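Spelled out, the chains give:
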Amino acid sequence: MNIKAIFLFICFSTSIFSQTYFTVPQNVWRISFNKKISSGIWVGHDGEKGLKDLKYKLNSIDYSINQDWKRNLNINEYTLEYGFSDKSTFILNVPIIEKINQDYSWSISSDSNTVVIDELMKYYFPKNKSNSGLGDITIGMKVLFIGNPAWRGGKNKYSIYGGLDATFPFGESLKKYYSKDIDDNGIPNQFKELPISNGLSEWKSSLFGEFYRKIKGRLINVNWLFSLSSFNRETINPSYSFLWIEETGMDSISRAIGNSVLFEQGKQIFLSIEGQLELLPNRIYFSSGMNWMMSGRDQYFSNSKKWNSWMSSNNNYDTKKTLSTQFVRFNILNMDPFKQKGPIPFELEFGVSWYVPYLTYHSYGYSSSWIKISSYFQAW
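These remarks concern the structure in this document. Keep in mind that this is a model prediction, so the values were computed, not measured.

What counts and what doesn't
- Residues numbered from 1 in each chain as written.
- Predicted model: local features only at pLDDT ≥ 70, side-chain atom pairs only at ≥ 80, totals over all residues.
- Heavy atoms only, no water.
- Salt bridge = Lys/Arg side-chain N within 4 Å of Asp/Glu carboxyl O.
- Helix = DSSP H or I, 4+ residues; strand = E, 2+ residues; numbered from the N terminus.
- Buried < 20%, exposed > 50% of the residue type's maximum accessible area, 1.4 Å probe, protein only.
- Phe/Tyr/Trp six-rings, centres within 6.5 Å; stacked < 30°, edge-to-face > 60°.

## Some thoughts on the pattern of salt bridges
Inference 1: Applying the stated criterion across every chain yields a total of 13 salt bridges.
Inference 2: With a shortest N-O distance of 3.4 Å, Lys122 and Asp118 are connected by a salt bridge. Remark: Asp118 and Lys122 occur in helix α1 (residues 115-124); sequence separation between them is four residues, near one turn of the helix.
Inference 3: The residue Glu119 makes a salt bridge to Lys122 at a minimum N-O spacing of 3.7 Å. In this pair, Glu119 and Lys122 both sit in helix α1, three residues apart, roughly one turn of the helix.
Inference 4: Taking the relative accessible area as the measure of exposure, Lys122 reaches 37% and is therefore partly exposed.
Inference 5: By sharing partners, the salt bridges in this structure join Arg30, Glu81 and Lys142 into a single network.

## A word on the packing of aromatic side chains
Inference 1: Tallying each qualifying case throughout the model produces 25 aromatic pairs.
Inference 2: When the ring of Phe22 is compared with that of Tyr161, the centres are 5.0 Å apart and the planes differ by 20 degrees; the resulting orientation is stacked. Note that Phe22 is positioned in the loop between β1 (3-5) and β2 (28-43) and Tyr161 in strand β8 (residues 158-168), a separation of 139 residues in sequence.
Inference 3: Residue classification places Phe22 among the buried residues on the basis of a relative accessible area of 0%.

From the geometry alone we can't say anything about function, so treat these as descriptive.
This is the structure:
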């Protein structure tokens, strides 16, 4: 079998276009590179930024702590898809985190002196963390159940698909705490780590599809997706904090929690709806839509039931979260063999997305921009 680049498949040249969720034709490879830059803030229980009014008592003195987190990400994402048939496509997704950076700030109020609490916060929570490296890798299959894809056309102007994906934790997770592993200032190095992965495998099933029509020679699509994710229960290294107990010593906290913790992430539901319009035939497409994610509450199993409960939810904080984003993107196609520029057929995508305030809670709200290039090859 020879692998040859083609100027796109002439039989599909007038109808194929970007379909984030959908299949590619039989024996076709789609290879994509996506460069994404994001900045985000932690959104609390009230839809406002930050975690407000965390109550803490030390030596019979009451304190109130406001906290804010900001993150910046620079990600390169590589995706390989292969059409086993016109109805089934294999997918492999490999993200490389060029840089993830987190800034953390707080303010403390009390009727008493706040210097002691401020010093404790500096010890346990460094104001800046960063990391880079391989992210979690996803493999999966997408299968056409009924209907016809828009790239193939046909009598039925719709298609319905199913998908199964497995994401494996190749990204760096939080390392184990060692009392002797400290920096020059006596701060444990674990406190300065910013994990890329939570160390859990994800199993996702999805149902998605499209409705499409040609109106005045322009293709119009409505794409939709529903998915459900569950995660393996795994032993993780706990992240230490004094804020759950009136005890600030690491030895006491470590003994109370234990050296390792069994963790179960809450199941996730994801919904997406998108409209797409062909602006210039076989050349430019415009898309806009909304994504929505809701997760169940996380569970922790350590030596301390109080810590387990505090980590899952506490004053104005909960691991049960929602995230809503809107997006806009343009796709520019250079794949029509009669109009193609240059020797290689490709597709360019430019997009921006932003989180929706008051529909996002207990999660990072990101604003992102990206550029993606995809090329198609055929094996025969």
